[in-house]
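# Chains, contacts and geometry: an overview
Listed here are the chains, written in short residue letters.
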Amino acid sequence: MKKKTVLVAGASGYLGRYVVTEFARRGYAVRALVRNPEKITTEGPNLEPPIADTAWEVVTGDATDPASLKNICRDVDLVFSCMGLTKPQDNVTSEDVDHQGNKALLDDALAHGVTKFIYVSVFNAHLMPEVDVVKAHELFVDDLKASGITYTVIRPTGYFSDMGMFLSMVRSGHMFLLGEGENKVNPIHGADLAKICVDAAESDNPEICAGGPDTYTFNETVNMAFEAIGKKPWITHIPIWIGDAALFVIGFVNKPLAGVLSFAVTVNKIDNVAPATGTNHLMDFYRELAKKTA
Ligand SMILES: NC(=O)c1ccc[n+]([C@@H]2O[C@H](COP(=O)([O-])OP(=O)(O)OC[C@H]3O[C@@H](n4cnc5c(N)ncnc54)[C@H](OP(=O)(O)O)[C@@H]3O)[C@@H](O)[C@H]2O)c1
């Protein structure tokens, strides 16, 4: 039987690499869409695997250049996209990448008769409708629903890669944390989330919310990062209003940067606990990352 072909957009990122690996493990032919093929030849900064030899085909394209995505879905059965703006890029907004870039992919998928589109948005989007990245995700979700294609929207909590940033911050011995740090999250490992994403290829479920197996307060996640590097925890809490004020000022000087940062500020105000899944634990991830980056 012919292998099914899946286009994975965002393949070079934290989640994308695990998704490429999981699709390939289950026998799919993976066409990986990246901007820079060199990047996927080595392990990523949060231990995500290299995928240059796992993908059946590597293609290049940029969400901000819809022409570069034309015919990218030729001979593809299924599209999976976690292509999104998570770090500031010069003069690029979430609307450009998360909404319009994915819309260009969707148009191409429809033109080539793709049977299913799986898209990664965020958990609790309804609590953060004004955050640029969330707004852009949800505008694309609306397009997806209106397109008539069979779809699944995955709504995850924070990834272990975000917690990986905490580990690099605590290396100085001191951590600034926005808010009281008592809000809760059940972060998820990329490999555990990838299984949910690939299961969605064979499921009729239009929406899946997913978090990791353990729930922590943000203070606990930071304390664990200190423990992993063998330092005594020292956290200074910054009032949320200072984060809001900083965002307001940055918005005048650099709107795209404020757009990306507003997500980080907003998730510090709410609990983010989604249905628990997976087997990977944050402390093990911290220990492994601490060892690798010592
Ligand atoms: N991180 C979290 O905690 C979290 C939680 C919930 C939902 N999400 C969502 O999940 C998705 C994946 O997150 P992640 O943490 O895996 O992000 P990531 O590591 O930053 O990966 C993002 C991917 O999108 C690609 N990309 C960015 N701009 C692009 C452009 N202009 N053209 C083509 N590709 C572009 C990146 O390519 P390059 O490698 O070339 O930059 C990368 O492959 C995002 O949409 C994010 O909003 C993340």
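See the structure shown above.
Before going into details, it helps to say that this report is about the structure given with it. (Residues numbered from 1 in each chain as written. Predicted model: local features only at pLDDT ≥ 70, side-chain atom pairs only at ≥ 80, totals over all residues. Heavy atoms only, no water.)

## Observations regarding the packing of helix H6 (residues 218–229) against helix H9 (residues 282–292)
Put simply, the rule reads: Axis geometry follows a simple rule: fit a line to the C-alpha atoms, using only the stretch in contact for helices, then measure angles between N-to-C directions, giving values from 0 to 180 degrees. Working definition: helices are DSSP H or I runs of at least four residues, strands are E runs of at least two. Numbering for both runs from the N terminus. Roughly parallel here means an angle under 35 degrees, roughly antiparallel means over 145, roughly perpendicular means 65 to 115, and every remaining angle is called oblique. Less than a right angle of anticlockwise turn of the near helix away from the far helix marks a crossing as left-handed, whereas a clockwise turn marks it as right-handed. Here, residues are in contact when the closest pair of their heavy atoms is within 4.5 Å.
Where H6 meets H9, the closest approach of the two axes is 9 Å, and the angle between their N-to-C directions is 40°. Taken together, the axes of H6 and H9 lie oblique to each other. The handedness of the crossing between H6 and H9 comes out as right-handed. The residues of H9 that touch H6, namely those facing Thr221, Met224, Ala225, Glu227, Ala228 and Ile229, are Leu282, Met283, Tyr286, Arg287 and Ala290.

## Structural notes on the environment of Asp75
The cut-off we apply is this: Whether a residue is buried, partly exposed or exposed follows from its accessible area with a 1.4 Å probe, protein chains only, as a fraction of its type maximum: under 20%, in between, or over 50%, in that order.
In this structure, Asp75 sits in the loop between strand S3 (57–60) and strand S4 (78–81). Judged by its relative accessible area of 60%, Asp75 is exposed. Along the backbone, Asp75 and Thr41 are 34 residues apart, and their C-alpha atoms lie at a distance of 25 Å. Residues within four places of Asp75 in sequence aside, it is in contact with Thr5 and Arg31.

## What about the site of the ligand?
Defined as follows: A cutoff of 4 Å decides nearness: a residue is near a molecule or strand if any of its heavy atoms lies inside that distance of it. Side-chain atoms alone can form a polar contact between residues adjacent in sequence; in general such a contact is a pair of N or O atoms within 3.5 Å, and within protein one must be able to donate a hydrogen while the other accepts it. Under the convention used here, a 1.4 Å probe and the Shrake-Rupley method define accessible areas, while residue burial counts only the protein chains that appear. When residues are sorted by character, Ala, Val, Leu, Ile, Met, Phe, Trp, Tyr, Cys and Pro go into the nonpolar class, Asp, Glu, Lys and Arg into the charged class, and all the rest, Gly among them, into the polar class.
In the vicinity of the ligand lie 27 residues, with Ser12, Lys39, Ala63, Thr86 and Tyr159 positioned nearest. Between Leu15 and the ligand, the recorded distance is 3.0 Å, taken from a backbone N or O atom to an oxygen atom. Here the ligand has 900 Å² of accessible area as a free molecule, and 92% of this is covered by the chains. Of the residues contributing to the shell around the ligand, the split by class is 11 nonpolar, 11 polar and five charged.

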